[in-house]
Amino acid sequence: MSLLDVDGLVKDFGGLRALDDLSVSVDRGELVGVMGPNGAGKSTFFNCVSGVVAPDAGTVRFDGEDVTGDAPESLAKTGLVRTFQRTRELETMTVRDNVRLAAPDQRGERALPALLRTSGMREEEQAVRDRADELIEAFELDHLKDEYSGALSGGQRKLLELARVLMLDPEVLLLDEPFAGVNPTLTNEIAGRIADLNDEGMTVVIIEHELETLTELVDRLVVLEQGSLLVEGEPAAVLADERVIEAYLGE
Amino acid sequence: MSVRERLFGDGERSGGSAERAFLVGGVCLLVAALLVFTPLAVTVPGSSFVFIEVGTLFVIYGLLVLGLDLQYGYTGLVNFGHVVFFAVGAYTVAMLSAEGSFAGVALGLPWLLALPVGVVAAAVLGAIVGTTSLRLRDDFLAIVTLATAEIFHTLFVNFRGVFGGNVGILGVPQPIADLAADSDTAQIATLVLFGGVTIIALGFMTRLTGSPYGRVLRAIRADELVTRSVGKSTFSYKMQAFVYGAALAGFAGGLFALYNGAVAPGFFTIQVTVTIWIGMLLGGASNHRAVLGGLAIIMGLRLLSRFALEVTPVSADAFASIRLIAVGLILVLVIRYRPAGIWGDERELGVDS
């Protein structure tokens, strides 16, 4: 039984059909790459799965439950977490606060414990702080801990975004172009971290244009074109497929 | 390290700052109780009377600006009708507790009962406005709140049988004036008591916003979609911030009614909203002490201009216009040179100077 099961997804924006009967499924522990030419519907696919936009038709099942059209916050709580193509940092908050924010189920996030500063809340906040600092250190952002994230470079933002979503301990991680605008060294580093996470059992789905890194990294490639599935399979086989070459380069 | 970071950068330290506020507020309440419940009397020189009057109004408006700061400074909700919650609190308390009002409803219930009902009434109105409008984009919320305030203002003026029209509700009990030894003592006691209440409210706000709760609010202001995608129910937080701010304003309204002894539409014009907005922006949104400081500056300016009027050779009408020009000029200067406000943190608010 697959962990994430997308069936017959359709999404129209006005007269434009961004997703046309798209069905993809991802098994637990898999590392799947999603590629396709610009406008193929990759980001819309993520948006529909993560609840940012509601699909017009089709179902999204996560861990056997129908989660079609569920709000992003409830999906994030159940373990389906995403990042954004254009990194969206909380620029008016420090790196630390960015990461700490994502910790799930904090008592101090309810008004009454926050007002009373209960000891349970404070212990929990201490634990969140420690965990956040660990992640920040792991992503080598510790010298920027107290910096506002608006001051970070593009690559650092990508790292911060990863650190932030990992705070949630996701079951499925949807990464929207994690290597975009990142230099080759950092790309390799981020790819290494993603591979590590996957080795530890996290299911990861990556949208990426950077084919070289992507094909090395993933177990399976899914190619979209004009909102529907073009080809899927082993990276090498997919890249050799004539339909894929045609989609990218034209006839 | 900025003021902000010293205040809120670290959970423990923000706790300390809140505790200090509780202590100072508590002392104020004690002093006020002494003045009210004992025959102790103080005399105030006639010339300083105006300071006490404006000071009392300042601490009442302080509650408004704290609520607004929670809504706008932290959560990013643009509420251009904050005065309506103030008015609803005041009218509710007045109509429930007044006896023998000249016009409008006067039920003559105990004020201790009326005050919490006033808070609840304002909170309920906040919840209604919130439910209908918080899902809209920011600028729509601004329009809805502005319109709500205008609608209520018109209702207060036109439903004479209920709200007493332009005369308003008279005969609201003034518990402090009744209990204190004389009117001077009552004035001072009111200032100290309300001041204590505002400082305690500052303490609570500092705690609330210095905690993970405040972190979620700031995250919503920064980027709501990101906040949702890390699993926070942002609508619920926006609703809470809105309702808490409204309830606090309702409470301030109740205090105002019980201090003033009467309510009328003239006390609840858009002028109130404008004053607290300017105070907040001047001081620096998302820093509770700064917004109170900004409000103090803007209200101090008004006080100053009262004296200035006596020594300037222009008519009162002309002077009022000059005052508006001065306030506008200050706002322009602040936005130009300190866009995050005098004590505000530019990085915190994401503005470029």
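Quick caveat: nothing in here was measured; it's all calculated off a predicted structure. (Residues numbered from 1 in each chain as written. Chains lettered and ligands numbered in written order. Predicted model: local features only at pLDDT ≥ 70, side-chain atom pairs only at ≥ 80, totals over all residues. Heavy atoms only, no water.)

## Points about the overall build of chain B
Inference 1: Of the regular secondary structure elements, chain B holds 16 helices and zero strands.
Inference 2: Against the 2.2 N^0.38 benchmark of 20 Å for 353 residues, chain B shows a C-alpha radius of gyration of 20 Å, consistent with a compact globule.
Inference 3: In terms of overall dimensions, chain B has a C-alpha envelope of 55 × 45 × 45 Å along the principal axes.
Inference 4: Counting only residues that meet the buried cut, chain B has 54% of its 353 residues in that class.
Inference 5: When contacts within chain B are restricted to residue pairs at least 6 apart in sequence, those whose partners lie at least 24 apart make up 78%.
Inference 6: Surface exposure of chain B reaches about 14600 Å², of which carbon and sulfur atoms provide 69%.
Inference 7: For chain B, the distance from the average site of its 21 positive side-chain charges to the average site of its 21 negative ones is 7 Å. (Helix = DSSP H or I, 4+ residues; strand = E, 2+ residues; numbered from the N terminus. Rg over C-alpha atoms; globule rule 2.2 N^0.38 Å. Buried < 20%, exposed > 50% of the residue type's maximum accessible area, 1.4 Å probe, protein only. Contact = heavy atoms within 4.5 Å. Areas by Shrake-Rupley, 256 points an atom, 1.4 Å probe, with all protein chains shown as cover. Lys, Arg positive; Asp, Glu negative; His and termini not counted. Charge placed at Lys NZ, Arg CZ, Asp CG, Glu CD.)

## Examining the nonpolar core
Inference 1: Of all hydrophobic cores here, the largest spans 143 residues; its most connected members are L173(A), I194(A), F86(B) and F268(B).
Inference 2: Of the residues forming this core, the biggest block, 15 residues, is contributed by helix α12 (residues 234-260) of chain B.
Inference 3: The residues that make up this core include at least three from each of domain 1 (4-89 + 168-249) and domain 2 (90-151) of chain A.
Inference 4: In this structure F86(B) touches I60(B), Y61(B), L64(B), A249(B), G250(B), A252(B), G253(B), F256(B), F267(B), F268(B) and V272(B), once residues within four positions along its chain are discounted.
Inference 5: L9(A), L22(A), F46(A) and V222(A) belong to the second largest nonpolar core, which has 26 residues in total. (Core = buried A, V, L, I, M, F, W, Y, C linked by side-chain atoms within 4.5 Å. Domains from an automatic or database assignment.)

## Let's talk about the environment of E124(A)
Residue and element names in this part refer to chain A.
Inference 1: If you trace the backbone, E124 turns up in helix α5 (residues 119-138).
Inference 2: Judged by relative accessible area, which is 21%, E124 ranks as partly exposed.
Inference 3: In this structure the C-alpha to C-alpha distance between E124 and D105, which are 19 residues apart in sequence, comes to 9.8 Å.
Inference 4: Residue contacts for E124: discarding those within four places in its chain leaves D105, Q106, R107 and G108.

## Description of helix α5 (residues 111-133) of chain B
Inference 1: Taking 1.5 Å per residue as the helical rise, α5(B) with its 23 residues ought to reach 33 Å, and the 32 Å between its terminal C-alpha atoms agrees with that figure.
Inference 2: Taken residue by residue, α5(B) has A114(B), L115(B), G118(B), A122(B), A123(B), L125(B), G126(B), V129(B), G130(B) and S133(B) as its buried positions. (Expected span 1.5 Å × (residues − 1).)

## Thoughts on the interface of chain A and chain B
Inference 1: With 39 residues of chain A in contact, the opposing surface of chain B contributes 37 residues.
Inference 2: Broken down residue by residue, the surface that chain A buries against chain B is led by T92(A), R117(A) and Y148(A), which jointly contribute 20%.
Inference 3: Between K232(B) and E109(A) there is a salt bridge, with the nearest N and O atoms lying 3.0 Å from each other.
Inference 4: Linking chain A to chain B there are 13 residue pairs in polar contact (both at pLDDT 80 or more). (Buried area = accessible area lost by both parts, 1.4 Å probe. Salt bridge = Lys/Arg side-chain N within 4 Å of Asp/Glu carboxyl O. Polar contact = N/O pair within 3.5 Å; in protein donor to acceptor, adjacent residues only side chain to side chain.)

## Looking at the pattern of salt bridges
Inference 1: The final tally for this structure, using the stated rule, is 27 salt bridges over all chains.
Inference 2: With its nearest N and O atoms 2.7 Å apart, the salt bridge here joins R220(A) to E30(A). Here the residue R220(A) occupies a position in strand β9 (residues 220-225), and E30(A) occupies one in the loop between β2 (16-26) and β3 (31-35), the gap between them amounting to 190 residues. Judged on exposure class, the residue R220(A) and its partner E30(A) are both buried.
Inference 3: When salt bridges with common partners are traced through the structure, they connect D97(A), R218(B), R221(B) and E348(B) into a single cluster.

## A word on the sheet that holds β9(A)
All names here are of chain A.
Inference 1: Pairing within the open sheet is mixed, and its six strands lie in the order β6-β7-β8-β3-β9-β10. Looking at the sheet topology across the chains shown, the edges are occupied by β6 (80-82) and β10 (228-233). When the angles between neighbouring strand axes are averaged without regard to direction, this sheet yields 20°.
Inference 2: Helix α1 (residues 42-49) contacts β3, β6, β7 (172-176), β8 (203-207) and β9 of the sheet and is inclined by roughly 145° relative to β7.
Inference 3: Along the sheet, helix α6 (residues 154-166) makes contact with β6 and β7, crossing β7 at roughly 160°. (Pairing = 2+ DSSP bridges. Axes fitted to C-alpha atoms, helices over the stretch in contact; angles between N-to-C directions.)

## A closer look at helix α6 (residues 138-158) of chain B
Residues and elements named next belong to chain B.
Inference 1: Along its 21 residues, α6 runs 31 Å from first to last C-alpha, staying within 8% of the 30 Å computed at 1.5 Å per residue.
Inference 2: When we look at burial in α6, the residues that qualify are L141, A142, T145, T148, A149, F156 and V157. End-on view of α6: buried residues confined to an arc of 165°, all on one side of the axis. Residues of α6 that are exposed and angled more than 90 degrees away from the buried face: I143 and I151.
Inference 3: Where α6 is buried, its residues touch α4 (82-97), α5, α7 (160-163) and α12. (Arc of directions from axis to C-beta.)

## Some words on the domain arrangement of chain A
All names here are of chain A.
Inference 1: Domain parsing of chain A yields domain 1 (4-89 + 168-249) and domain 2 (90-151).
Inference 2: Across the contact, five residues belong to domain 1 and nine residues belong to domain 2.
Inference 3: Counting the surface lost from both domain 1 and domain 2, the interface buries some 620 Å², and carbon and sulfur atoms represent 50% of this.
Inference 4: The largest contributions to the domain 1 side of the interface with domain 2 come from E89, L168 and R193, which together make up 82% of the buried area.
Inference 5: Where domain 1 packs against domain 2, one counts one salt bridge.
Inference 6: Notably, a salt bridge pairs E140 with R193, separated by 3.9 Å at the nearest N-O pair.
Inference 7: Where domain 1 packs against domain 2, one counts two residue pairs in polar contact (both at pLDDT 80 or more).
Inference 8: Here the side of domain 1 that touches domain 2 is built from residues that sort into one nonpolar, no polar and four charged. (Nonpolar A, V, L, I, M, F, W, Y, C, P; charged D, E, K, R; others polar.)

## Digging into the packing of aromatic side chains
All names here are of chain B.
Inference 1: Considering all chains together, one arrives at 19 aromatic pairs over all chains under this definition.
Inference 2: Arranged with centres 3.8 Å apart and planes meeting at 10°, the rings of Y91 and F156 form a pair that is stacked. Taken as a pair, Y91 in helix α4 and F156 in helix α6 lie far apart in primary sequence, 65 residues in all. Of the two residues examined, Y91 and F156, each falls in the buried class.
Inference 3: With 6.2 Å between their ring centres and 75° between their planes, F194 and Y259 make a pair best called edge-to-face. (Phe/Tyr/Trp six-rings, centres within 6.5 Å; stacked < 30°, edge-to-face > 60°.)

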